[in-house]
Amino acid sequence: MRKRCLDAVYRLAKKNKDIVFIGSDLGVGVMDDFKKELPAQWFMEGVSEQHIIGMASGLAMTGKTVYFNTIATFITRRCLEQNIIDLGLSDVKVRLLGSGGGLVYAPLGPTHLATEDLALMRAIPNMTIVAPCDAEEMERAMMASERLPGPLYVRIAKGGEAVVSKPEQGFEFGKAIVHRPAGDLLFVTTGVMLSRALEAAQALEKEGISAGILHAHTVKPFDAPALLEQAAKAKVVISLEEHTLAGGLGSIVAEVLAEHAFEKTPLLKRLGIPDVFPDRYGSQNTLLERYGLSAPLIAEHARKLLQTVRLAGA
């Protein structure tokens, strides 16, 4: 996914001399073609993320569109004040490309786990936030990013994820995609949780349980009308995110549902990372399973919630 993201920036820059790329401590050989062909549009600033945000903002104020890539934890929480003042308040066209969103860097421990990035960035006025589900949706998002006004945070997953997005569904910032219409329940996903929701929905379908899926690739601005339309048809709504439950997708879904008068309000369950620092090392998948975010565990949560609703007579 990261390679597809950076390749898209390179293609955009070849067509537009006002597009600039800045890297921070990237691996040897990354973006070499960009550096050789477009040296005036390529910068490598080393481990100086807070400085880079200011630099990027200054470049954007001269008419440039700036793409800045480094690890998600460093581009969000290390630079939070600069992101708020230099990007949000200034409302400039800087695109923050955060590699390793969520639990991707599980082998490196909690200092490298971007599990609160969405909550931090959604608190910044003017900031758009996207979390594509696979490499192809990432490319569509990046190609659309050139025209987007204001700052943008892009959450980049590990890479190698199954391609589950469909080109005919297109991509538009702020517009969620209905992958399956709501039935007994509705999964609301962002990022790579879409593939797990699809797997869980297929398992439930074999048991006669209809599960819809609303994929919110754009976390901010959030597509509230799409959620309300689908949620009105379901008995249970389950949000799925590779992010802490405090302030992320589940919080957004809860806020939207709480402020709407339903004829029959669906039961909401938020599935994500609890309010803890992950205390184990391992792989991304082992930590996802630990927090109940594997497809079988998601399906089991859905069964239990539907049973709860039935017992309550809803």
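For the structure given in this document, a descriptive report is provided here. This one's a predicted model, so the numbers in the text were calculated from it and none came from an experiment.

## Comments concerning helix α7 (residues 135–145)
Next, step 1: Of all 11 residues in α7, nine are buried; the element is thus mostly enclosed.
Next, step 2: For α7, the set of buried residues is A135, E137, M138, E139, R140, A141, M142, A144 and S145.
Next, step 3: The inward-facing, buried residues of α7 abut α1 (2–15), β3 (65–71), β4 (94–99), β6 (152–156), β7 (177–180) and β9 (211–215).

## A few points about the sheet that holds strand β12 (residues 267–273)
Next, step 1: In spatial order, the strands read β7-β9-β8-β11-β12; together these five strands make up an open sheet with mixed pairing. Among the strands making up the open sheet, the edge pair consists of β7 and β12. Averaged over all pairs of adjacent strands, the angle between strand axes in this sheet comes to 20°, irrespective of strand direction.
Next, step 2: Judged from the six bridges that link them, strand β11 (residues 236–244) and β12 form a sheet pairing that is parallel.

## So, the packing of aromatic side chains
Next, step 1: On inspection of all chains with the given rule, the structure shows three aromatic pairs.
Next, step 2: Ring geometry for Y10 versus F34: centroids 5.6 Å apart, planes at 35°, classification tilted. With Y10 in helix α1 and F34 in helix α2 (residues 32–37), this pair connects stretches of sequence that are 24 residues apart. No difference in accessibility class separates Y10 from F34, as the two residues are buried.
Next, step 3: Plain terms: the ring middles of F21 and F34 are 5.9 Å apart, the flat faces sit at 45° to each other, and that makes the pair tilted.

Definitions and cut-offs
Residues numbered from 1 in each chain as written. Predicted model: local features only at pLDDT ≥ 70, side-chain atom pairs only at ≥ 80, totals over all residues. Heavy atoms only, no water. Buried < 20%, exposed > 50% of the residue type's maximum accessible area, 1.4 Å probe, protein only. Helix = DSSP H or I, 4+ residues; strand = E, 2+ residues; numbered from the N terminus. Contact = heavy atoms within 4.5 Å. Pairing = 2+ DSSP bridges. Axes fitted to C-alpha atoms, helices over the stretch in contact; angles between N-to-C directions. Phe/Tyr/Trp six-rings, centres within 6.5 Å; stacked < 30°, edge-to-face > 60°.

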